[in-house]
Each structure stands twice: as structure tokens, then as C-alpha cells.
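# Structural characterization, general
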Amino acid sequence: MSINLADDAVHALNRASAAAARAGAEAISPRNILAGVVSQRAPGLLELIGPLGLELEALPEEMRDLPETYHGHLPFTSDAHEVLAAAVTAASESGGGATTSGHLLLGVARAGDAPSRQTLEAWGLVEAALAAALAPQPDDGADTVTATPAAGPALLLVLSIALACTGDTAPDAAQHTGDPFAAAPADGTFPQIGPAPPDYVPTAAGAPSTDIWLGRLDRDEHGDLVVSGLSNATDRDGYDNQPAFDPAGSALYYTAAMDSTQTDTFRHLVEDGTTERVTHTPDASEFSPTPIPAQDAFSAIHENNGFQYLWRYGADGSELGPIFATAEPVGYHAWADERTVAMFILGSPPTLQVGDALSGEIRVVAENPGRSIHRIPGSSEISFVRKVDDEEWWIERLDPASGRSERIVRTLPGREDHAWTPGGEILMGDGAVLFVWSEETGWREIADLGTGSDDISRIAVSPDGSRIALVRSRTDSEG
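The structure contained in this document is the topic of the report that follows. Since the model is a prediction, treat every value here as computed from it, not as a measurement. (Residues numbered from 1 in each chain as written. Predicted model: local features only at pLDDT ≥ 70, side-chain atom pairs only at ≥ 80, totals over all residues. Heavy atoms only, no water.)

## Regarding the overall build of the protein
Put simply, the test is: Put simply, DSSP marks the helices as runs of H or I at least four residues long and the strands as runs of E at least two long, and each gets a number from the N terminus on. Summary of the burial criterion: residues with accessible area below 20% of their type's maximum are buried, those above 50% are exposed, and those between are partly exposed, where the area comes from a 1.4 Å probe applied to protein chains only. When checking whether two residues touch, look at their non-hydrogen atoms; a contact exists if any pair is within 4.5 Å. Each accessible area is a Shrake-Rupley result for a 1.4 Å probe, and residues are judged covered by the shown protein chains and nothing else.
For the protein, the helix and strand inventory stands at nine helices and 24 strands. Taking all 479 residues of the protein together, 53% fall into the buried category. Residue pairs in contact within the protein that sit at least 24 positions apart in sequence constitute 51% of those at least 6 positions apart. Of the roughly 20,800 Å² that the protein leaves accessible, carbon and sulfur atoms contribute 49%.

## Considering helix α4 (residues 78-93)
The condition that has to hold: One less than the number of residues in a helix, times 1.5 Å, gives the span that helix is expected to have.
The end-to-end C-alpha separation of α4 is 23 Å, in line with the 22 Å expected for 16 residues at 1.5 Å each. For α4, the full list of buried residues reads A80, V83, L84, A85, A86, A87, V88, T89, A90 and A91.

## Describing unusual backbone geometry
In this model, E328 is joined to P329 through a cis peptide bond whose omega is -5 degrees. One can find P329 in the loop between β10 (319-322) and β11 (330-335). Looking along the chain, the bond that leaves S348 and enters P349 is cis, with omega of 0 degrees. Its location among the elements puts P349 in the loop between β12 (340-345) and β13 (351-356). In this structure, Q242 takes a positive phi of about 60 degrees despite not being glycine. Summarising the element assignment, Q242 is placed in strand β3 (residues 240-245). Judged by its relative accessible area of 6%, Q242 falls in the buried class. For S288, which is not a glycine, the phi torsion comes out positive at approximately 55 degrees. Looking at the secondary structure, you find S288 in strand β7 (residues 285-291). Look at S288 and you get buried, because its relative accessible area is 9%.

## Let's talk about the sheet that holds β7
Just so we agree on the cut-off: Being paired, for any two strands, means DSSP has found at least two bridges between them. Helix axes are fitted only over the stretch in contact, all axes being lines through C-alpha atoms; the angle between N-to-C directions runs from 0 to 180 degrees.
An order of β7-β8-β9-β10 is seen for the four strands of this open sheet, with the pairing classed as antiparallel. The sheet terminates laterally at β7 and β10, the two strands that pair on one side only. Adjacent strand axes in the sheet meet at a mean angle of 30 degrees when their direction is disregarded. With five bridges joining them, β7 and strand β8 (residues 297-304) adopt antiparallel strand pairing. Note on β8: the bridge partner recorded for S285 is E303.

## A short note on empty space enclosed by the protein
Over the atoms rolls a probe the size of a water molecule, and in doing so it shows where empty space is left. The criterion, for reference: Cavities and pockets are defined on a 1 Å grid built over the protein atoms alone: a cavity is a set of grid points where a 1.4 Å probe fits but cannot escape, while a pocket is an open set with protein on both sides within 12 Å along at least five of seven lines, and lining residues are those with an atom within 4 Å of any such point. Grid points are joined across faces, edges and corners, and a volume is the space filled by probe spheres set on the points.
Counting across every chain of the model gives one cavity of 30 Å³ or more. By volume, the largest cavity amounts to about 80 Å³. F181, A182, A183, A184, P185, A186, R312, L320, G321, P322, I323 and A357 together form the lining of the largest cavity. Considering every element that reaches the lining of the largest cavity, the biggest residue donor is β10, with three residues.

## A few points about the layout of surface pockets
Going by this rule: Side-chain classes are defined by residue name, with Ala, Val, Leu, Ile, Met, Phe, Trp, Tyr, Cys and Pro counting as nonpolar, Asp, Glu, Lys and Arg as charged, and the others, Gly among them, as polar.
A volume near 1,400 Å³ is recorded for the largest pocket. As for the largest pocket, its lining consists of 48 residues, of which F245, W335, R375, V461 and P463 are closest to the centre. For the lining of the largest pocket, the secondary structure elements donating two or more residues are β3, β7, β11, β15 (374-375), β19 (418-420) and β23 (456-461). When the residues that make up the lining of the largest pocket are grouped by side-chain class, the tally is 26 nonpolar, 14 polar and eight charged.

## Some points on the pattern of salt bridges
Threshold: What makes a salt bridge here is a side-chain nitrogen of Lys or Arg within 4 Å of a carboxyl oxygen of Asp or Glu, nothing more.
Scanning the entire structure with this criterion turns up 22 salt bridges. Linking D211 and R474 is a salt bridge whose minimum nitrogen-to-oxygen distance equals 2.5 Å. Residue D211 is found in strand β1 (residues 210-219), and its partner R474 is found in the segment after β24 (467-473); the two are separated by 263 residues along the sequence. Given a relative accessible area of 1%, D211 falls into the buried group. When the shortest N-O distance is used, the salt bridge between D455 and R415 registers 3.5 Å. Of this pair, D455 sits in the loop between β22 (442-448) and β23 while R415 sits in the loop between β18 (405-410) and β19; the two residues are 40 residues apart in sequence, bridging distant segments of the chain. Through salt bridges with shared partners, a single network forms among D211, D235, D237 and R474.

## A closer look at the sheet that holds strand β20 (residues 426-430)
Strand order in the open sheet formed by four strands is β19-β20-β21-β22, with antiparallel pairing between adjacent strands. This sheet does not close on itself; its edge strands, each paired only once, are β19 and β22. If you compare each strand with its neighbour and ignore which way they point, the axes differ by 30 degrees on average. Two strands pair when backbone bridges link them, and β19 and β20 are joined in this way by three bridges, in the antiparallel orientation.

## Focus on the pairing of β7
Most of β7 sits inside the fold, with seven of its seven residues counted as buried. With antiparallel pairing between neighbouring strands as the criterion, β7 and β8 make up a hairpin whose turn holds five residues, including A294 at a positive phi of roughly 65 degrees.

Below, the structure written as C-alpha cells:
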């Protein structure tokens, strides 16, 4: 059994992903499928709906202005699964040809949720009219075998796998290994790194003494955030910093300075409190370990003889190599989705750049960013701090696809490190006090952590929002 999606259906579903992501949804709905179909303006679709009197230019903007693709993989709602199954069934009934965007429309009419079906009816695209327009034509030459209604759950599984593989393809080297990234950077040949210059000072030499504190993040009876059970997970003199939870929230990656010349990546297991060393790279240092979405791997800044590249490592610490050849020196980074990463690039001025790990495209999207860069939960957008001047700093929301950004809120004075909760709140420390921001309340204090350590700097929240990691200095220096 095979499922044959026509090109226009593939593109329509990619646009449906973009519609869902732009709306901040975590799954594709029937209305998103509807938007993806009609925004594409495929010739076959225009020929289908033209006689039915639908004027595409009169549709809402969300149905007309969608990017051609979305570089992430969103799941489908249960209603959307029903639409996809109905569309494939309709294609089978009409002669066994490919499932087209017209069949997707019919799928919405037959199995979509009430709002999406009502939208179609308001446009005059009722099920009977669509079915008649898609009725089999004699001698159409179709010879593709498609799934039948009896396929049931297997159909949906195969279709979901097929859809997850749509979008732009990766370089050829990645297609035969099961690895989504190519063996070599897509943006060029990685340069040879020679001896360190005479004035080179490893970053580890100036690293402050910091600890990572780990605790729970709960809500009280009023729904307000409460921090509890904080304990020092790395209690030692030295640099323990840059925490990032794994997707399950069961482990915390972080950077530790082994001496004044070199750092490695460590992993703290949350439940049993044990810590393991992940990388062993005596000739290089790693900073800012960050799990890569949909991979059993993490990225980190790889510092070698004064050069700082974005590097990839297996979960076991094995070096998988550079991700980009031309982005340097990278200071900090965050993944928007499986292939798109925002990078703080050092320079005068420093810049925020967005890179596509599969195509190798890298674009400058902002100047004078801060070091704190994060994916906004439930979206493929990135937050960063834009430093307008010494006293005016803003947290901004960036759409990596368009490069457009907008202001969210001013930071606490002189503070830039922040993190998001799954509920859309922003956490930020000021001295030993932890603050939270929401659109409803603005900035407000939620915890005073005055004992045990000094200033709060970097913050990480587990994906499910139940745990928090705080970096605090052991001295008056800033982490």
C-alpha cells in the first residue's frame, strides 16, 4: 500500500504548518489545512473552485498570506487526522489517483470540525459540489495505488510519516545516513584551525565562580508561580554555568570549567542527583550545551585556539562536527526548530544571525543583541534582548522565517538573562530576587533567594514547567 500526495497537497500541508505556527498553535487544525490549501492558489485548485464562484482575493488575510513552508514538524489534531483520512479516501474513490489539494478541501467538508465546515459552506463549497467537481474523469490515466478507507490507523500513521518528511530537503549527504544534518556544513568548507595567536587567552581563564541551583516550579491556589526545594546541584569552587534541560526534563546539561584553560559539558540527572561528564576534549572547550530538537544530540560553542564555532555532539559526547563553516565567532545560540538556529555573533557591533543548518543560509536579523536567546514555548519564534543603549534594553520576539521582530517588554534595569515558562511568562533575576512577567501583571517579585549565594544570572525551565535551574555567583562576580 502506498499513499501518493500530489505536489500541491504537499505544499498545502506545509503552508498549513506555517499557519498553525504563526498562530502560536502546537498542532495543525482543519482550519489550518483550509488556510494552507486556499493560500497556495494551485492551478488545479483554481480550476476546481473557479466554477463554484469562490473569489480567493476576498478571503481573510490568514488564508492569503502564508509562507510556502515551515521548517518544523507540527503534529495534527485528531480532527485534522480525520480530514487527512477523508481526503485520501476521496482520492481513492475518484479513481485511485494522487491526493490533491482539492481532495483536502473535500476532506475538510466531510470530516472537519464545525467551524471549518461552516467556513466552506459560507464560501459555497459544500460537500456535494466539491465531490461532483472531483468525480472521476474517463481515461484519466491514473495508475497510483492509494489507501482505502479500511486502512484505518495504519493509514494515518503512514500519512503522518509522509508529511513529516515534507518541506525543503537536506543536502544529499544527510539523506543516506539517517542523520538529518549533512556530514559537512552546508554553507562552505570548514577552515583549517592553526595555532593560537600569541595573545590568545582561553575563555575559561576569566570564568567566574558560579553554581547551578535546582528546584521546583509550582503554582499556588491562585495560579501564581512558586519556587521551592532549591538546592545547590554543583556546589564547588569553579565555573558551573549555562544550564539547559533535555526535552524530557530529566537531565540538565551545563558547562563546567575543569581548570583555567578548558571547559567540558556535563549532565546532571535530576531524579537521583548524580552528575556525569559528557565531553572529554582536552584541546578545545565547550560552552552553552543545548539539546537539538528531534535529535539525540546537542549543540555547543566549540572554542579552539581562539575560534568559536557552533558544533554538534552526540548525547554520548561524541563529536559530530561543525554545523556552520562561516558563522564565527559564535557566542550564544538557541534552536527555533529542528533546523533553524539563532546565533549571537561577536563583533563590532555584535549581531543576531539566523542560520538554516540544512541549506546553510545565514542572515543577520538584528544588531546589539544580548546573550540570552531562547525559543518561545509553543512556537518557532525566538526571544532575545536588544540593547538600544546602555540604559534601554528590550526583550523582543523574533520570527526567524521573516526576520521581523517586535518588542515584548523592557528588561529589569541592567538585566538580560531570562527564560520562559510553558504558560508564556518570562522569568528574570535581579540580585537575589526572582521576578516574573506576564501581559496581565507586568513584572512582579515571586521569590527572594537572599541566602546561600549572590546574584541570579542565567535561568532555565524544564519543558513541562515543573523545574527551574538558576545560576548564582559564589562571589560578587557575575556569571
